[in-house]
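# Chain and residue survey
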Amino acid sequence: MAARRRAAALTDFTAVGDALSQQLSADPIPLLSPLAGLLVLLAYTALASAAALLSPLRRDIT
């Protein structure tokens, strides 16, 4: 069981979710697939970059 938790922590990052679900007697927490996580990260990066570029342009520097 401990080896399974270590492997899950290294591959799917579900060890904490599995431990919480055992303590709370609930279903495991569903996580995004690695591809979906990458897409979310890229979208977040694009939004943050756009905000960083556009915010100085809107300010009046006098």
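Because the structure is a prediction, the values reported are computed rather than measured.

The next thing to look at is the overall build of the protein. Helix and strand counts for the protein stand at three helices and zero strands. Overall, the protein shows an N-to-C arrangement of helices and strands of α-α-α. A buried classification covers 8% of the 62 residues belonging to the protein. If you sum the accessible surface of the protein, you get close to 5,600 Å²; carbon and sulfur atoms cover 69% of it.

A few words now on a nonpolar patch on the surface. Together, Leu35, Leu38, Leu39, Leu41, Leu42 and Tyr44 give the surface a local cluster of nonpolar side chains, amounting to about 660 Å² of exposed area. Tracing the sequence through the fold places Leu38 in helix α3 (residues 34–58).

For the rest of this paragraph, the subject is the confidence of the model for the protein. Caution is warranted with low-pLDDT regions, since their predicted coordinates should not be read in detail. Averaged over every residue, the pLDDT of the protein is 76; residues scoring 70 or more account for 63%. Across the protein, element-level confidence peaks in α3 with a mean pLDDT of 91 and bottoms out in helix α1 (residues 2–11) with 53.

How each quantity is defined
- Residues numbered from 1 in each chain as written.
- Predicted model: local features only at pLDDT ≥ 70, side-chain atom pairs only at ≥ 80, totals over all residues.
- Heavy atoms only, no water.
- Helix = DSSP H or I, 4+ residues; strand = E, 2+ residues; numbered from the N terminus.
- Buried < 20%, exposed > 50% of the residue type's maximum accessible area, 1.4 Å probe, protein only.
- Areas by Shrake-Rupley, 256 points an atom, 1.4 Å probe, with all protein chains shown as cover.
- Patch = residues over 30% accessible without salt bridge, like charges linked within 9 Å, V, L, I, M, F, W, Y side chains within 5 Å.
- Salt bridge = Lys/Arg side-chain N within 4 Å of Asp/Glu carboxyl O.
- pLDDT = per-residue confidence, 0-100.

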